[in-house]
Amino acid sequence: MKEKIFTIPLTDSFAEGGECPFCTLEKKLEAEQVSYALGASMMEPDSRILSNEKGYCRRHYEMMSGEGNALSLALVLETHLSALIEKLETAVASPEPKSGLFKKTEVPDALPALLEAQEASCLICEKLHNTLEKFAEVFWYLYKREAAFRETVAACQGFCLPHFKLLLECASHELSGKALSEGKKAITELELTHLKRLQGEVNWFTKKFDYRYQDEPWNNAKDAPKRAMEKLAKFL
């Protein structure tokens with residue numbers, strides 16, 4: 001298979017195996033973004049502006065805390081807090097327009113909407129989503145052009161449901177007509193095959209708690225519940 005620089009992270013993730021190559025890729029990208037947020041990003045004005053504006057979700061704050069760079073994290077928090085306080089003060093200071101002749105101007109009820117937007121905002125989550133969309137397009141780029149990659153996909157164990165959905169959504173970016181329908185059909189059949197395989201492994205896991213099966217081998221079922229959760233649930 002002919003690899004290009006932009007295809008290597010994806011093909012490497014397939015080579016590692018597991019229930020979802022895109023989850024493997026996402027974990028690597030996430031770790032890189034966490035390190036970047038406390039490192040090179042600190043020196044780039046555009047990145048600092050975005051960091052101050054958007055902030056991060058609790059998961060990614062906790063991951064940054066685990067990086068052992070307390071000063072960088074404190075600087076990220078300090079400047080984000082400053083930007084947040086400014087937005088809150090602006091919202092509080094902006095009165096609602098009068099809605100009637102004799103109604104007094106009221107303080108706007110804009111804070112819940114502002115806080116909801118802030119709660120949903122995370123610069124790392126946003127970057128991960130955008131990057132994974134690009135790699136979903138790379139997936140179909142390779143699938144369309146490389147027979148060896150199609151064989152790699154056919155030999156993998158499918159995808160987690162969120163990344164399976166992403167692949168279906170992005171298929172039309174690279175494929176059309178018959179190739180599009182055949183590509184989506186192929187990965188759907190692959191997904192169903194491995195959901196059934198996983199269901200069987202979880203079923204065997206439950207049977208191993210029955211005394212009648214205690215002496216039977218575990219086969220591939222010892223970690224089946226963990227892998228089933230990985231298959232079914234969103235990584236982040």
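Treat the numbers as computed from the prediction; the structure is a model and nothing was measured. (Residues numbered from 1 in each chain as written. Predicted model: local features only at pLDDT ≥ 70, side-chain atom pairs only at ≥ 80, totals over all residues. Heavy atoms only, no water.)

Colleague: Go over a nonpolar patch on the surface with me, naming the residues and quoting the values.
Modeller: A surface patch of nonpolar side chains, about 250 Å² in accessible area, is lined by Leu77, Leu81 and Ile85. Within the fold, Ile85 resides in helix α5 (residues 70-93). Residue Ile85 is classed as partly exposed on the basis of its relative accessible area, which comes to 45%. (Patch = residues over 30% accessible without salt bridge, like charges linked within 9 Å, V, L, I, M, F, W, Y side chains within 5 Å. Areas by Shrake-Rupley, 256 points an atom, 1.4 Å probe, with all protein chains shown as cover. Salt bridge = Lys/Arg side-chain N within 4 Å of Asp/Glu carboxyl O. Helix = DSSP H or I, 4+ residues; strand = E, 2+ residues; numbered from the N terminus. Buried < 20%, exposed > 50% of the residue type's maximum accessible area, 1.4 Å probe, protein only.)

Colleague: Can you explain the packing of helix α1 (residues 8-16) against helix α7 (residues 123-145)? Please cite residues and give values.
Modeller: Contact pair α1 / α7: the axes reach a minimum separation of 10 Å and the direction vectors enclose 80 degrees. With respect to each other, α1 and α7 are oriented roughly perpendicular. Within the contact between the two elements, α1 uses Pro9, Leu10, Thr11 and Phe14 and α7 uses Phe135, Val138, Phe139 and Leu142. Each residue belonging to the contact of α1 with α7 can be placed in one class, and the counts come to 7 nonpolar, 1 polar and no charged. (Axes fitted to C-alpha atoms, helices over the stretch in contact; angles between N-to-C directions. Parallel < 35°, antiparallel > 145°, perpendicular 65-115°, else oblique. Contact = heavy atoms within 4.5 Å. Nonpolar A, V, L, I, M, F, W, Y, C, P; charged D, E, K, R; others polar.)

Colleague: Report on the packing of aromatic side chains, specifying residues and quantitative values.
Modeller: By the definition in use, this model includes 15 aromatic pairs. Seen from their ring centres, Tyr56 and Tyr61 are 5.6 Å apart, and the 80 degrees between their planes marks the pair as edge-to-face. Taken individually, Tyr56 and Tyr61 each receive the classification buried, so the pair is uniform in this respect. Seen in terms of ring centroids, Trp204 and Tyr213 are 5.5 Å apart; in terms of plane orientation they differ by 80 degrees. Their pairing is edge-to-face. Note on Trp204: relative accessible area 18%, which makes it buried. Taken together, the ring pairs in this structure connect Phe14, Phe22, Phe139, Trp140, Tyr143, Phe149 and Phe159 into an aromatic cluster. (Phe/Tyr/Trp six-rings, centres within 6.5 Å; stacked < 30°, edge-to-face > 60°.)

Colleague: Describe in detail the pattern of salt bridges, supporting the description with residues and values.
Modeller: Note on pairing: side chains with opposite charge can pair once their charged atoms come close. Taken as a whole and judged by the stated rule, the model has 16 salt bridges. Notably, a salt bridge pairs Arg59 with Glu30, separated by 2.8 Å at the nearest N-O pair. Of this pair, Arg59 sits in helix α4 (residues 58-65) while Glu30 sits in helix α2 (residues 21-38), and the two are 29 residues apart along the sequence. Overall, the relative accessible area of 34% leaves Arg59 in the partly exposed class. Note that Glu126 and Lys54 form a salt bridge whose closest N and O atoms lie 3.1 Å from each other. Taken together, the positions of Glu126 in helix α7 and Lys54 in helix α3 (residues 45-54) put the pair 72 residues apart, joining distant regions of the chain. You can call Glu126 partly exposed: its relative accessible area is 36%.

Colleague: I'd love a proper account of the nonpolar core, names of residues and values included.
Modeller: Within the largest apolar cluster, 43 residues are counted, with the highest numbers of intra-cluster contacts made by Leu10, Phe22, Tyr56, Phe139, Trp140, Val153 and Phe159. Beyond its immediate sequence surroundings of up to four residues, Leu10 is in contact with Phe22, Leu25, Phe135, Val138, Phe139, Leu142 and Phe149. (Core = buried A, V, L, I, M, F, W, Y, C linked by side-chain atoms within 4.5 Å.)

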